[in-house]
Each structure stands twice: as structure tokens, then as C-alpha cells.
Amino acid sequence: MNEMTREEWVSALTSLPEERLTELVKGFPADWKVQPITLPQVGLGMMKMKESAFNESFYLGEFPLASCAVTVTTESGVSAEGGALVVDDRMERAEQLALCDAVLAGRLPGWQKVEALLHEGSARREQISLERKAMLARTKVDFSLLEDVGGEDA
Amino acid sequence: MLEVAPIWQPHIQQQNYRLLLEAMSRPGSLHSITGLNTSSNSLLAVLAALLDSSVRFCDSNGLLEASDIALLQAMQTVPEEADYLLCSGIDVPDFQPRLGSLVSPEQSATLLVHVSALEAGDLQLGLTGPGIKEKQVCNIQGLDSDWLVKRESWVCGFPLGVDLILLDQQQLMALPRTTRVEVH
């Protein structure tokens, strides 16, 4: 289907403008039964890190987190499960992503549209990644040049 | 598109929690549970108001569906270790719930007991104690009288004990450990 693992789907879909995902989800049949597996939740996550001197843990900060896991049952009785855990403070966003996850994983009607959006999102994510790498590369300092210049201590 | 029953909405859970406080304050009084519809029952509504991922829960008589238990988020455990137990009133308990300790009597179990009816029944109880003016009489259907024998053995060492919440299809009633119960 695609080279991406399922864990990467949310990342790819969130790389695109939000309206694209909203439009796609609105296009799913209204008579599908969507039920929660776990309750959709919105809250804050704590980012735990370790400092390098004493290797002790500390909390770098908080980030918004929304989660949702659903079972989707189509009008013909076919069902699939999907879930999403996303850095966002809107439950609707997690619900939309969980729905797309279920549609794609269960090959429910319309999965091709989700897959197309996924490929688009993947390309966009790659582009963003390249742009960031380029920005990072511009900040790189080549210390070897100092040796070439030479000096009294060289 | 996502269908979440009213009992999982925070404002309904807060209303049901408020009912529980009122019921515990006035033992034997009946309170109508909020937010019930065709997809949710009274047991689930009360559990939704009480449970989260930090407590241990046991459905000792298998009264709930597995999918409902997942929504409650509580850790599942054996009856002897549970903070909250869901039981059937017609099955006499064969376990020893947590009674707390003298230092921490609050670390005891709360038992939710499902009965057929709380307003009319063949078991008539006379309740006295804190929160009851003189005496409260109630009739219950679907509660084995041996439940009250067991309860007495659990609450006799006050402040140790358990708190009971009786539920039928629509209403709830509380029997905290301080309430003295006579079977008429």
C-alpha cells in the first residue's frame, strides 16, 4: 500500500493544512457508526529529559496532547479500529485522525482517498524536513578553517 | 460523527458525583441518576463518575461488557484488592473487600451493588445513624439478606469497613459504614 509504517500516518496527515483532513472526513458516509474504544481526551503531556552532567531526569516543559481510539462500522457491517495520539489541544483533530487511521487500516470505503492524502502529507513532511536541514546547515561552523589560517600557536 | 454517550460527558459525571455525595450524606434516600439513555445503564453512569486510571476496579459478577470496562480506564484487579467493586445483589459475596486501616480507613472498598428495585421489594430495611432523622425505612427487591450479614461483619470495627451504593435501573441509594441496618 505504502512504505510508511502505521505509526507515521498521523505525522504525515498532520503535515497538511487542516482543511484537507476536515474535508476528507466530511466525505465519509454519515451512516457509519463510530464508537469510542477509549474516551477521547485532551490534556497536557510532560516532556521528560535527562541532563548530561549527572544524568538526572527533569521536565523540559508541557505540550498539548489529544488522544482518540475508535471503532468504525460501515453500513454493510464491516468494522475497523483506529487511533491517534497527536500534539494538539483539539479533540476533533484527534477524532479525525483516528477515523482516517481506521479507514486506511481496515480498507473501508474511501481508503484510497486517505492513502492519497497520506502520500501528499509524506511528501510535504519530507519537504519540511529538507528545509529544516538546510537551515541547520547554514548555522554549521567549520572549525578546521582556523587551523588553515594558522597562527602563533598553530 | 463520533458517538459518546452522555454519561461520559464531564458535566453529567459532575452531576452524578454530586448525587453520590448527597446519597452518602442522607443514607437510605433515593436519587435519580442523570444522563441515562438506551446505550448506557445506571451502573456504568455511576462508575463513570467515580473511576479513572488511578483506581483499581473489579466487576466480580461480570455485569459489564468488556468494551465498557475499557472506557472506565480503571485498573482491573481481584475483589480483595479493589477500590471499587461492582456486584450483583442476588449473589452473596464470597470475598473479603478492603476495609482500610486504623491509620487510613479511607483506603477501603466502595461496593456498588446492583438490585432489581429500590422503591418496592420483599426486603424491608430499617436504617438509623448519622444523616438519618430518627429512622428511614426502605424496601428493596433483588438483594439477598445475606449481603447484610456480610456487611455487618465488615463494618463492625468502625472506622474500618466498606461503603455500599445500591443501584437499580434508574436510581441509587447509599449505605455508608456508619449506618445501622435492621432487617424487618
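Residues numbered from 1 in each chain as written. Chains lettered and ligands numbered in written order. Predicted model: local features only at pLDDT ≥ 70, side-chain atom pairs only at ≥ 80, totals over all residues.

Regarding the overall build of chain A
Within chain A, the secondary structure is distributed over 5 helices and 3 strands. Listing every helix and strand of chain A by position from the N terminus yields α-α-β-β-β-α-α-α. A principal-axis box enclosing the C-alpha atoms of chain A has dimensions of 80 × 35 × 25 Å. Looking at chain A alone, contacts between residues at least 24 apart form 59% of all its contacts between residues at least 6 apart. (Helix = DSSP H or I, 4+ residues; strand = E, 2+ residues; numbered from the N terminus. Contact = placed C-beta atoms within 7 Å.)

Examining the nonpolar core
Formed by 45 residues in total, the largest nonpolar core has its most connected members in V46, L85, L112, V113, L166 and L172 of chain B. With 7 residues, helix α2 (residues 42–50) of chain B is the single largest residue contributor to this core. In contact with L85 of chain B, other than residues within four places in its own chain, are C58, S60, P79, P97, A109, L111 and L112 of chain B. L21, L24, C68 and L117 of chain A belong to the second-largest nonpolar core, a separate cluster that totals 25 residues. (Core = buried A, V, L, I, M, F, W, Y, C linked by C-beta atoms within 7 Å. Buried ≥ 20, exposed ≤ 12 C-beta atoms within 10 Å, placed from the backbone.)

Thoughts on helix α3 (residues 91–105) of chain A
Residues and elements named next belong to chain A. Over its 15 residues, α3 extends 21 Å from the first C-alpha to the last, a length consistent with the 21 Å expected when each residue adds 1.5 Å. Of all the 15 residues making up α3, 12 are buried; the element is thus mostly covered by neighbouring parts of the structure. Where α3 is concerned, the buried positions are R93, A94, E95, Q96, L97, A98, L99, C100, D101, A102, V103 and L104. Buried residues in α3 make contact with α1 (9–14), α2 (18–26), β1 (33–50), β2 (57–73), β3 (79–86) and α4 (111–138). (Expected span 1.5 Å × (residues − 1).)

Side note on the sheet that holds strand β2 (residues 56–59) of chain B
Residue and element names in this part refer to chain B. Taking strand neighbours across the sheet as the criterion, the 7 strands line up as β1-β9-β8-β5-β4-β2-β3 in an open arrangement whose pairing is mixed. Where the open sheet ends on each side, the last strands, each with one partner, are β1 (31–32) and β3 (75–76). Of the pairings in the sheet, the one linking strand β4 (residues 84–88) to strand β5 (residues 110–114) comprises 5 bridges and is parallel in character. Bridge assignment links Y84 to a residue of β5, and that residue is T110. Most of the contacts of helix α1 (residues 10–25) go to strand β9 (residues 171–175), to which it runs at about 45 degrees, and overall it touches β1 and β9. (Pairing = 2+ DSSP bridges. Axes fitted to C-alpha atoms, helices over the stretch in contact; angles between N-to-C directions.)

Notes on the interface of chain B and chain A
Counting residues at the interface gives 8 residues for chain B, matched by 10 residues for chain A. In terms of residue class, the side of chain B that touches chain A is made up of 6 nonpolar, 1 polar and 1 charged. (Nonpolar A, V, L, I, M, F, W, Y, C, P; charged D, E, K, R; others polar.)

Thoughts on the sheet that holds β3 of chain A
All names here are of chain A. Overall, antiparallel pairing links the 3 strands, which are arranged β1-β2-β3 in an open sheet. Of all strands in the sheet, those with a lone pairing partner are β1 and β3, marking the two edges. Here the strands of the sheet are splayed against their neighbours by 15 degrees on average, with no regard to which way each runs. Packed on one face of the sheet, α3 meets β1, β2 and β3 and runs near 140 degrees to β3.

Side note on the pairing of β2 of chain A
Residues and elements named next belong to chain A. When β1 meets β2, the two strands line up antiparallel, connected through 15 bridges. Across the sheet, P36 pairs through a bridge with V70, a residue of β2. Between β1 and the antiparallel strand that follows it, β2, lie 6 residues; N55 among them carries a positive phi value of about 60 degrees. In this structure, β2 lies alongside β3, joined through 8 bridges in antiparallel fashion. Considered in β3, the bridge of V70 is made with G82. As consecutive antiparallel partners, β2 and β3 are separated by 5 residues, and within that stretch G77 has a phi angle of approximately 95 degrees, a positive value.

Topic: the confidence of the model for chain B
All names here are of chain B. In the predicted model, chain B carries a mean pLDDT of 95, and 100% of its residues have values of at least 70. Taking the mean pLDDT of every element in chain B, the minimum, 92, falls on helix α3 (residues 66–72) and the maximum, 98, on β5. Listed scores for the predicted complex are pTM 0.82 and ipTM 0.72. (pLDDT = per-residue confidence, 0-100.)

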